[in-house]
Amino acid sequence: MSHPVPTWASVRPSERLAGTPAVRRGNAWWLVTPTGAISASDPVLTGELDRFASDMAAADRAVAKLRAERTAARKERR
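Residues numbered from 1 in each chain as written. Predicted model: local features only at pLDDT ≥ 70, side-chain atom pairs only at ≥ 80, totals over all residues. Heavy atoms only, no water.

Q: So what's going on with the pattern of salt bridges? Which residues, and what values?
A: Pairing between side chains of opposite charge can happen when the charged atoms of each approach one another. Counted by the stated rule, this structure contains 4 salt bridges. The partner of E15 in a salt bridge is R25, and the shortest N-O contact between them spans 3.2 Å. Here the residue E15 occupies a position in the segment before strand 1 (22-25), and R25 occupies one in strand 1, the gap between them amounting to 10 residues. On the basis of relative accessible area, E15 is assigned to the partly exposed category, the value being 23%. (Salt bridge = Lys/Arg side-chain N within 4 Å of Asp/Glu carboxyl O. Helix = DSSP H or I, 4+ residues; strand = E, 2+ residues; numbered from the N terminus. Buried < 20%, exposed > 50% of the residue type's maximum accessible area, 1.4 Å probe, protein only.)

Q: I'd like a rundown of the sheet that holds strand 3 (residues 36-40), residues and numbers included.
A: The strand order across the open sheet built from 3 strands is 1-2-3, with neighbouring strands paired in antiparallel fashion. Each end of this open sheet is capped by a strand with a single partner; those strands are strand 1 and strand 3. For this sheet, the mean inter-axis angle between neighbouring strands, taken without regard to orientation, is 35°. (Pairing = 2+ DSSP bridges. Axes fitted to C-alpha atoms, helices over the stretch in contact; angles between N-to-C directions.)

Q: An account of unusual backbone geometry is needed here, citing residue identities and associated values.
A: Here the phi dihedral of A18 falls at roughly 50°; this positive angle occurs in a residue that is not glycine. Within the secondary structure layout, A18 lies in the segment before strand 1. Here A18 falls in the partly exposed class, since its relative accessible area comes to 44%.

Q: I'd like a rundown of the nonpolar core, residues and numbers included.
A: Residues L17, A22, W29, A40 and L49 constitute the largest nonpolar core, which totals 5 residues. When sequence neighbours within four positions are dropped, the list of residues in contact with A40 reads W29, W30, L31, L45 and T46. (Core = buried A, V, L, I, M, F, W, Y, C linked by side-chain atoms within 4.5 Å. Contact = heavy atoms within 4.5 Å.)

Q: Break down the pairing of strand 1 for me, with residues and values.
A: Note that strand 1 and strand 2 (residues 28-33) share 4 bridges and pair antiparallel. Looking at the pairing, R25 lines up with A28 of strand 2. The turn joining strand 1 and strand 2, which pair antiparallel and follow one another in sequence, is formed by 2 residues; a positive phi near 65° is taken by G26.

Q: An account of the environment of V5 is needed here, citing residue identities and associated values.
A: By secondary structure assignment, the location of V5 is in the segment before strand 1. Owing to a relative accessible area of 49%, V5 belongs among the partly exposed residues under this scheme. Taking the C-alpha atoms as reference, V5 lies 14 Å from R16; in sequence the two are 11 residues apart. The contact partners of V5, leaving out residues within four places of it in the chain, are R25, W30 and A37.

Listed below in structure tokens is the structure:
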């Protein structure tokens, strides 16, 4: 399935990689600004974006786990 070229108006804040102009659509990274979008095709850049996105996802999971454990501990104290 082909993914459309993102535009500034079509990108939700949650799609951005940690508030950067980097957006992943399908298997492609895009750099999106109000004036346009370009495909990020440099393998070094896209590799770093992949690693950063993976690290951010792992951090999000760790925070969610800590929050769930804290909530469970509070419920047990009641």
